[in-house]
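# An overview of the molecular structure
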Amino acid sequence: MEITLTGITTTGTPHLGNYVGAILPAIEASRRHDVQSFYFLADYHALIKCQDPAQVHRSRLEVAATWLALGLDIDNVIFYAQSDIPEILELTWIITCVTAKGLMNRAHAYKAAVAENLADPDGDPDKGVTMGLFSYPILMAADILMFKARKIPVGRDQIQHLEMARDIAARFNHLYGEHFVLPEAVVDEKTAVLVGLDGRKMSKSYGNTIPLFEPEKSLRKLIMRIKTNSLPPEAPKDPETCTLFQIYQAFARAEETAAIRARYAQGIGWGEMKQILFEHLNSRLSEPRQRYHELLQTPDHIERILKQGAQRAREHSAPFLAELRRAVGIRPLG
Ligand code: TRP
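Residues numbered from 1 in each chain as written. Predicted model: local features only at pLDDT ≥ 70, side-chain atom pairs only at ≥ 80, totals over all residues. Heavy atoms only, no water.

In the vicinity of the ligand, the residues found are Leu5, Gly7, Thr9, Phe40, Ala42, His45, Tyr136, Met140, Asp143, Ile144, Ile152 and Gln158. Separating a nitrogen atom of the ligand from a side-chain N or O atom of Tyr136 is a distance of 2.6 Å. Here Asp143 contributes a side-chain N or O atom positioned 2.7 Å from a nitrogen atom of the ligand. Protein coverage of the free-state accessible area of the ligand, which is 370 Å², stands at 87%. The set of elements that each furnish at least two residues to the shell around the ligand consists of strand S1 (2–9), strand S2 (35–42) and helix H7 (131–145). (Near = heavy atom within 4 Å. Polar contact = N/O pair within 3.5 Å; in protein donor to acceptor, adjacent residues only side chain to side chain. Areas by Shrake-Rupley, 256 points an atom, 1.4 Å probe, with all protein chains shown as cover. Helix = DSSP H or I, 4+ residues; strand = E, 2+ residues; numbered from the N terminus.)

Before going further, it helps to examine the packing of helix H3 (residues 53–69) against helix H13 (residues 299–328). Look at H3 against H13: their axes get within 11 Å of each other, and the N-to-C directions meet at 80°. Taken as axis vectors, H3 and H13 run roughly perpendicular relative to one another. Two secondary-structure elements touch here, H3 through Leu61, Ala64, Ala65 and Leu68 and H13 through Pro299, Ile302 and Ile305. Among the residues forming the contact of H3 with H13, the class breakdown is seven nonpolar, no polar and no charged. (Axes fitted to C-alpha atoms, helices over the stretch in contact; angles between N-to-C directions. Parallel < 35°, antiparallel > 145°, perpendicular 65-115°, else oblique. Contact = heavy atoms within 4.5 Å. Nonpolar A, V, L, I, M, F, W, Y, C, P; charged D, E, K, R; others polar.)

This part covers unusual backbone geometry. A positive phi angle, close to 55°, is found at Lys148, a residue other than glycine. Relative to the helices and strands, Lys148 is located in the loop between H7 and strand S4 (151–153).

Below, the discussion takes up the domain arrangement of the chain. Domains assigned within the chain are domain 1 (2–192 + 299–328) and domain 2 (213–294). Here domain 1 and domain 2 have C-alpha centroids that lie 34 Å from each other. Together, the buried faces of domain 1 and domain 2 total about 830 Å²; carbon and sulfur atoms form 73% of this surface. Counting the contacts that link domain 1 with domain 2 gives zero salt bridges. The tally of links between domain 1 and domain 2 comes to one residue pair in polar contact (both at pLDDT 80 or more). Tallied by class, residues from the side of domain 1 that touches domain 2 come to seven nonpolar, one polar and one charged. (Domains from an automatic or database assignment. Buried area = accessible area lost by both parts, 1.4 Å probe. Salt bridge = Lys/Arg side-chain N within 4 Å of Asp/Glu carboxyl O.)

Turning our eyes to something else, we now look at the packing of aromatic side chains. A ring pair, where both rings are aromatic, is described by two values, the distance of the centres and the angle of the planes. Evaluated as defined, the whole model comprises 13 aromatic pairs. A ring pair is formed by Tyr39 and Trp67, whose centres lie 6.0 Å apart and whose planes are at 70°; its orientation type is edge-to-face. Taken together, the residues Tyr39 in strand S2 and Trp67 in helix H3 connect sequence positions 28 residues apart. Here Tyr39 matches Trp67 in class, with each residue buried. Looking at Arg200, its charged tip hangs above the ring of Tyr206, at a distance of 4.1 Å from the centre. Over the ring of Trp270 we find Lys237; its NZ or CZ atom is 5.3 Å from the centre of that ring. (Phe/Tyr/Trp six-rings, centres within 6.5 Å; stacked < 30°, edge-to-face > 60°. Buried < 20%, exposed > 50% of the residue type's maximum accessible area, 1.4 Å probe, protein only. Lys NZ or Arg CZ within 6 Å of the ring centre and 35° of its normal.)

Shown next, in the form of structure tokens:
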């Protein structure tokens, strides 16, 4: 059966942009029976960006609770934490030893960090660059290669990492025989990129996000803060350049969107549109929000689910790692 795999970095609190762009399509895909899917919390990846233990811990809990609250089908997919699979880190070292340093030098995230350092003419190019950041793509390659996943649904920013995983796998196979499946990025061009409070892409790095499970009152407040232009209520308005419309469209059915588009053409007041958007989001999110808060109250339940997932995942990773160790010459002496 075809194997797919999705990694979710556990940093920060999931927001509407994550929901529309990544979580919703992945949860829908989790119900497919023609593929075996692996979904995991990339919590060792989180250590690269965050060295506050309380925040690392909290984010693992929030991200796991979010996916469960939204209906991830955990009987059908294998759902686990990366940190519960020790074989992934052993594999990381094994493939680190076949990865060219020059390949890692070309990684966008690393290059961006160096370029930023060099913006200061006296700057140290390596300032703030840990080996974790530098080796990030190798850990990601291990996540994927460990489970022989072929199709990896990712955002555009991850395409280079998938190419690197392929390169690493091919190099290993060349040296030690055909052990790894070469993975491919699957980029869904149709998934919406949501705009944030200030009209730029909704992103943690711009601080313009609306958290997915914000309590009702502050959800309303955030929506009231979304930037609009100063046209009077009766003036016809362009939905395509309007943040309120963009968000509404991402959550609404086609007929609902068409009806609102017609209202824009007639002229709709911003206050009224904000109210419509709030009510629509709130009705969509209130049920999973309640489940989310219940899940946060029972972290040991979530932990059990993750441990069960890890057990299923290790049925694959443990024998495969044993095979790989033998392949590189780490095997009993007698
Ligand atoms: N790097 C990915 C991101 O930031 C998360 C991730 C880690 C991942 N390991 C993965 C995604 C393996 C797909 C496959 O979005």
